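Residues per chain are reported as follows:
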Amino acid sequence: MKIIKEADHYIKYIPINDNDSASAYKLLNREYTYMNRLKTNLSQYIAENSGNINISLYEYSRYFPEYSSPVKEITISGSNCWSLETTSISGKTLEEYLSASKQSSPNNLYSKQETSELFKQLCNALTLLYRFGGILFFDFNPENIIVTNENDLSHIKLIDFTNFYDLLEPENNELPIKFIDNDIAQIHSHIRRKNSICNYELLLKFSFLNLFTRLYYHGNEKYNEHSSLDERLSLKSYICNQYYHSDELKQELDSYFSFICEKDYSIFELSSPPRTPVNFSNIYDFIALF
């Protein structure tokens, strides 16, 4: 799947192949259906609790895209494709801002306050997805985060919800979940192959960790996913030790790195199903350490 931008509209498309046309359509339609479900559930909740809550449909439009139409067939570069197009979204992706930075990696492009604000807004969006959409989303890499107000990280919008995790109907999770980082994807694949219970809360925490390090190592060839695991983890560890100020967080990260280096993924497994897959109070506490 690819994403192109045309006049502030983002178009996700998948070339139609006779062998997988149905699966390509299903992938894009899944996003369209679930995001509309989220908006409907939020609208219903607001209507049922009018006057007693501090939430509005603005929360949806602030963090998530509207779609100009359901999935449809278009032609791109002479090829027929299934596509899903957003309505107009102003701004640039976080990836564009990072790419435009003239600082060498690792760099400190954003202040601690700006980074904290980005994480808070992102966590707000993930909470809405979880609470009203029944889904977990892990693919918040800079290409999927639109900064809608001139490099102001307090104004973001997320795009590309094709490969999320469905909590309400787990049997619908036929496709691999997309993560911000391939190292986390490998951990999840390992746990799924063992048919073990995955600690999604911990995976979410370390997705934030990897987003944080990406703000610093952008452009550094040692983080390239074709590099060795040791090189990638060494760079992440260096960035954490350089820029984190919380001893509590450093201790948790040191544990994480040591387990991953040994390819021991036991800390990401649970002995029994949790009462709730993710307690977002814990996530907010975690990102406050950055």
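Here, every reference points to the structure presented above.
Notes on the structure in this doc start here. Values in this document were obtained by computation on a predicted structure and should not be read as measured data. (Residues numbered from 1 in each chain as written. Predicted model: local features only at pLDDT ≥ 70, side-chain atom pairs only at ≥ 80, totals over all residues. Heavy atoms only, no water.)

**Regarding the packing of helix α1 (residues 21-48) against helix α4 (residues 112-133)**
Moving on, step 1. Following both chains from N to C, one finds α1 and α4 inclined at 80°, their axes separated by 9 Å at the closest point. In terms of axis orientation, α1 runs roughly perpendicular to α4. Between α1 and α4, the residues in contact are Met 35, Arg 37, Leu 38, Asn 41, Leu 42 and Tyr 45 and Leu 128, Leu 129, Arg 131, Phe 132 and Gly 133, respectively.
Moving on, step 2. In terms of residue class, the contact of α1 with α4 is built from seven nonpolar, two polar and two charged. (Axes fitted to C-alpha atoms, helices over the stretch in contact; angles between N-to-C directions. Helix = DSSP H or I, 4+ residues; strand = E, 2+ residues; numbered from the N terminus. Parallel < 35°, antiparallel > 145°, perpendicular 65-115°, else oblique. Contact = heavy atoms within 4.5 Å. Nonpolar A, V, L, I, M, F, W, Y, C, P; charged D, E, K, R; others polar.)

**A closer look at the sheet that holds strand β5 (residues 92-93)**
Moving on, step 1. The three strands lie next to each other as β5-β7-β8, forming an open sheet whose pairing is antiparallel. The open sheet has two edge strands with one neighbour each: β5 and β8 (156-158).
Moving on, step 2. By the bridge criterion, two bridges tie β5 to strand β7 (residues 145-147) in an arrangement that is antiparallel. Opposite Thr 93, over in β7, you have Ile 146 as the bridge partner.
Moving on, step 3. Each of β7 and β8 touches α4; the most contacted strand, β8, lies at about 40° to it. (Pairing = 2+ DSSP bridges.)

**Topic: the pairing of strand β2 (residues 9-15)**
Moving on, step 1. Burial analysis of β2 places five of its seven residues in the buried class, which makes it a mostly covered element.
Moving on, step 2. Judged from the five bridges that link them, strand β1 (residues 2-6) and β2 form a sheet pairing that is antiparallel. Within the sheet, the bridge partner assigned to Lys 2 lies in β2 and is Tyr 13.
Moving on, step 3. Between the end of β1 and the start of β2, which pair antiparallel, lie two residues, with Ala 7 showing a positive phi angle near 50°.
Moving on, step 4. As paired strands, β2 and strand β4 (residues 79-85) are joined by five bridges and run antiparallel to one another. Its bridge partner being in β4, Lys 12 is matched across the sheet by Leu 84. (Buried < 20%, exposed > 50% of the residue type's maximum accessible area, 1.4 Å probe, protein only.)

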